[in-house]
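Results of the structural survey
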Protein chains: 2
Amino acid sequence: MTRMEEWGSRVKAASRILGKMPTGRKNEALAAIAQALWENRQEILEANARDVAAARENGMREGMIDRLSLDEGRLSGICEAVRKLIQLEDPAGVVESGSVRPNGMFIQKIRVPMGAVGIIYESRPNVTVDGATLCLKSGNAVLLRGGKEAIRSNEAFVRVMRAAAESCGLPADCIVLVEDTSRESAREMMRLSGVLDLLIPRGGAGLIQSVVQNATVPVIETGVGNCHIYVEQSADPDMAERILVNAKVSRVSVCNAAESLLIDEEAAPALLPRLAAALEQKGVTLYGCPRSRELCPEMEPAEESDYGTEYLDYKMSVKVVSGLDEAISHIARYSTGHSEAIVTRDYEAARRFLNEVDSAAVYVNASTRFTDGGEFGFGAEIGISTQKLHARGPMGLEALTTTKYQIYGSGQIR
Amino acid sequence: MTRMEEWGSRVKAASRILGKMPTGRKNEALAAIAQALWENRQEILEANARDVAAARENGMREGMIDRLSLDEGRLSGICEAVRKLIQLEDPAGVVESGSVRPNGMFIQKIRVPMGAVGIIYESRPNVTVDGATLCLKSGNAVLLRGGKEAIRSNEAFVRVMRAAAESCGLPADCIVLVEDTSRESAREMMRLSGVLDLLIPRGGAGLIQSVVQNATVPVIETGVGNCHIYVEQSADPDMAERILVNAKVSRVSVCNAAESLLIDEEAAPALLPRLAAALEQKGVTLYGCPRSRELCPEMEPAEESDYGTEYLDYKMSVKVVSGLDEAISHIARYSTGHSEAIVTRDYEAARRFLNEVDSAAVYVNASTRFTDGGEFGFGAEIGISTQKLHARGPMGLEALTTTKYQIYGSGQIR
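This section reports on the structure supplied with the text. (Residues numbered from 1 in each chain as written. Chains lettered and ligands numbered in written order. Predicted model: local features only at pLDDT ≥ 70, side-chain atom pairs only at ≥ 80, totals over all residues. Heavy atoms only, no water.)

Our focus in this paragraph is the overall build of chain A. The helix and strand tally for chain A stands at 14 helices and 16 strands. In terms of overall dimensions, chain A is globule-like: its C-alpha atoms have a radius of gyration of 24 Å, near the 22 Å expected for 414 residues. By its C-alpha atoms, chain A is 70 × 70 × 35 Å across when sized along the principal axes. In chain A, which comprises 414 residues, the proportion classed as buried is 59%. If the 47 positive side-chain charges of chain A are averaged to one point and the 56 negative ones to another, these points end up 6 Å apart. (Helix = DSSP H or I, 4+ residues; strand = E, 2+ residues; numbered from the N terminus. Rg over C-alpha atoms; globule rule 2.2 N^0.38 Å. Buried < 20%, exposed > 50% of the residue type's maximum accessible area, 1.4 Å probe, protein only. Lys, Arg positive; Asp, Glu negative; His and termini not counted. Charge placed at Lys NZ, Arg CZ, Asp CG, Glu CD.)

Turning next to the interface of chain A and chain B. Tallying the contact residues gives 65 residues for chain A and 66 residues for chain B. Both faces combined, the contact of chain A with chain B buries some 5,600 Å², and carbon together with sulfur accounts for 52% of it. Ranking the residues of chain A by area buried against chain B places Leu-389, Tyr-405 and Arg-414 of chain A at the top, with a combined share of 16%. Applying the counting rule to chain A against chain B returns eight salt bridges. Taken together, the links from chain A to chain B amount to 48 residue pairs in polar contact (both at pLDDT 80 or more). Of all the elements in the fold, those that place two or more residues in the side of chain A that touches chain B are strand 2 (106–113), helix 9 (205–214), helix 10 (237–249), helix 14 (347–356), strand 13 (361–366), strand 15 (393–395) and strand 16 (401–412) of chain A. Considering each element in turn, the side of chain A that touches chain B owes the most residues, eleven residues, to strand 16 of chain A. Considered class by class, the residues forming the side of chain A that touches chain B number 29 nonpolar, 22 polar and 14 charged. As paired strands, strand 16 of chain A and strand 13 (residues 361–366) of chain B are joined by five bridges and run parallel to one another. (Contact = heavy atoms within 4.5 Å. Buried area = accessible area lost by both parts, 1.4 Å probe. Salt bridge = Lys/Arg side-chain N within 4 Å of Asp/Glu carboxyl O. Polar contact = N/O pair within 3.5 Å; in protein donor to acceptor, adjacent residues only side chain to side chain. Nonpolar A, V, L, I, M, F, W, Y, C, P; charged D, E, K, R; others polar. Pairing = 2+ DSSP bridges.)

The next point concerns the sheet that holds strand 12 (residues 339–343) of chain B. The ten strands are arranged 1(A)-2(A)-16(A)-13(B)-12(B)-7(B)-8(B)-11(B)-9(B)-10(B) in an open sheet whose pairing can be described as mixed. Edge positions in the sheet fall to strand 1 (95–100) of chain A together with strand 10 (300–301) of chain B, since each of these pairs with one other strand and no more. Bridge analysis of strand 7 (residues 227–231) of chain B against strand 8 (residues 258–264) of chain B gives five bridges, and the strand direction is parallel. Bridge pairing in strand 8 of chain B links Val-231 of chain B to Ile-263 of chain B. Along the sheet, helix 11 (residues 268–281) of chain B makes contact with strand 7, strand 8, strand 9 (285–288) and strand 11 (315–321) of chain B, crossing strand 8 of chain B at roughly 160 degrees. (Axes fitted to C-alpha atoms, helices over the stretch in contact; angles between N-to-C directions.)

With that settled, the discussion passes to a positive patch on the surface. A cluster of like positive charges, contributed by Arg-61, Arg-67, Arg-124 and Arg-251 of chain A, occupies part of the molecular surface. Turning to its location among the elements, Arg-251 of chain A is positioned in the loop between helix 10 and strand 8 (258–264). (Patch = residues over 30% accessible without salt bridge, like charges linked within 9 Å, V, L, I, M, F, W, Y side chains within 5 Å. Areas by Shrake-Rupley, 256 points an atom, 1.4 Å probe, with all protein chains shown as cover.)

It is worth spelling out the relation of the copies chain A and chain B at this point. Between chain A and chain B, which share one sequence, the superposing operator has a rotation angle of 180 degrees and an axial displacement of 0.0 Å; the RMSD is 0.0 Å. In the structure described here, the two chain copies are related by an operation that fits a two-fold rotation axis. If distances are taken from each C-alpha of chain A to the rotation axis, the shortest is found for His-390 of chain A, at 1.7 Å. Interface residue correspondence from chain A to chain B reaches 100%, placing this contact among same-surface, isologous pairings. (Least-squares fit on C-alpha atoms with pLDDT ≥ 70 in both.)

Another aspect to go through is the environment of Ala-360 of chain A. When you line up the elements, Ala-360 of chain A lands in the loop between helix 14 and strand 13. Expressed as a C-alpha distance, the spacing of Ala-360 of chain A and Ile-384 of chain A, which sit 24 residues apart in the sequence, is 8.9 Å. Setting aside anything within four residues of it in sequence, one finds Ala-360 of chain A in contact with Gly-337, His-338, Ser-385, Arg-392 and Gly-393 of chain A together with Lys-404 and Tyr-405 of chain B.

Attention now goes to the sheet that holds strand 4 (residues 141–145) of chain B. All names here are of chain B. Spatially, four strands are ordered 5-4-3-6 in an open sheet, and the strand pairing comes out parallel. Where the open sheet ends on each side, the last strands, each with one partner, are strand 5 (175–177) and strand 6 (198–202). Neighbour-to-neighbour, the strand axes of this sheet turn through a mean angle of 20 degrees, independent of strand direction. Bridging between strand 3 (residues 116–121) and strand 4 involves five bridges; their strand directions are parallel. Across the sheet, residue Ile-120 finds its bridge partner in strand 4, namely Arg-145. Here helix 9 (residues 205–214) sits on the sheet and contacts strand 3 and strand 6; the angle it forms with strand 6, its principal contact strand, is near 155 degrees.

Right, here's the structure in full:
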């Protein structure tokens, strides 16, 4: 048995015990975790400071350093998020449906935890707590494999959480950290068939692709968003500008930020210069098609590849389209299936966009930035699925469960 | 573009058109398909006769020949199954939930077709019609890749179905057959990422494993059933015999047939000889643990590997266990997560078995043979999922759909 198989089988064994725990017990453990994280803040922040110092030494860029860094404020936010989970309904045990069959058997479909969940992520230590506690609340044991730059922070977090869970009678192995942060360990984890019931990669497009290419365990792809704003010819100009600027610049580094602007050729001459100026004023560099650049010569020329790029930066691609049909086909070709919005005053354009655009969240006259578990009212979010299997869009606790059929008979045979 | 990529992209393009078709139009196409299959029965049965002749020449064994063979009676049953689909509710378009958010946006979650579905299967030509029409009803275009022994039958079926669909205004490419039945073509199909939204393998354990190991598109594992009957010490002896015999021999070649008998050590001395005799009388060879063989010396000795084998034959493994805990751990270790049954009169044993056995369908006092879309009241079945992601247990039309969020705004930004 390799080390990875041993970590996996410990998580699997713990999942069987955790799956039997009533909600009250799991909530006690969450409360204990939140308290322990705060009481052990000195140890955690010191570990994190060592991670940050090492990352600086290795020349990590500031945006990444920021994601890696913790302070008392951020830690307090993390503890608060754990406490919030206590209030949410436990999805495990909910009966989805039930009926008596003609032969007298009673069949019910009941929601149950997935079992053993794996999460592979990058160097954001908050995901360690977030992922572990969402899994715990839904009755899943978790195998966590974070980025190597955050290993000291992750070790501290996991040590504290395991002890707190154990103090409430849960198996410590309901939270296990993969201590080996090599590339090889991630590959091995993706192939733990028969051990992991679900693997969630959280991170950039490269990580997601690597998981999709290599995993043999069931995967949910999350969080790659090449989101579009389509300004249809009938759009209200003020609304178009407001939504576009919000979707692009309110937070550029997130998956629900817009990356591409499509605009109808009828609207472009009057409206595109104004929209471009509003974005440029916020520091956005635009990459335009030839027709966009005729109207706005200051745009950089767009390469074909720009339309497929999730910039996560102050950059946006722009294309003038002949109308709704071209907009829909362009999105079908380049979108990652995350979130797209149309700005329009036309009923039929809105109706067709909602029905024909094949993405997790499709908006009329609202910013793509709303695709988020909190904004959708789920209370918590484990990620945003861009695939169609199992869960699509923001995933709350229910996405961490599956169902089983329980059949109550009295001797029936077929 | 390879031939496979071309087939895939034709299906993908057709899925966009099919996804917009109202239920009425899809039902017309189903009626036309059922009629055309019957009207063209001579062409279809001749093609099938050529397949059967070639298979005989190549030495295919009779059980497989039987699965490959069609006659007027079977074809009539196939047409009848297509007509039954017309009566079923279309899952696409159903609104699952909806609410107005505090900022006034209306969010609804609506069920939509998956898009482009792939099915890889063996030499059962009925799956060609079954798979194509279930996909059509739920609004999915389908790429079919059947076994090479059935290629002539499949070509005839697909030609007839495509023409019938087209005559009703559906794109012919909503049903495409992979004409290349090489192993390489199956591998290529499993890697059509970004084209296929879902891949369903239907067949034996070898096929399923190959798909799980090689696929990069989302997969639903189906139909491998190493099902257990656990006779708990309090079991009614008559009921135990009735359920066991039914689960083992009513149809040995199907995935919900029982493959392994577990019996409590307290019950074994009085009951196991009787159960063994009943099975042996039906022609079942038993492979027993040492304690079983002390009670029933005529049993063959079981190897460790017997407990992990789905025989699909008149064979069954037998193990005497110390009680419920050992039964549950044995099942956790060897089961494929399909269906398991306990026979008991004890409330707590029933309760724990239902909750702690981690399979798609868990029975108290009923035969595992009931795990079936028809028996569960779904009206139709595309397969039985043994994984936890997306669908678990018998999959009806709804398992061929996903959801999307449609958001109706009035200019909201975040």
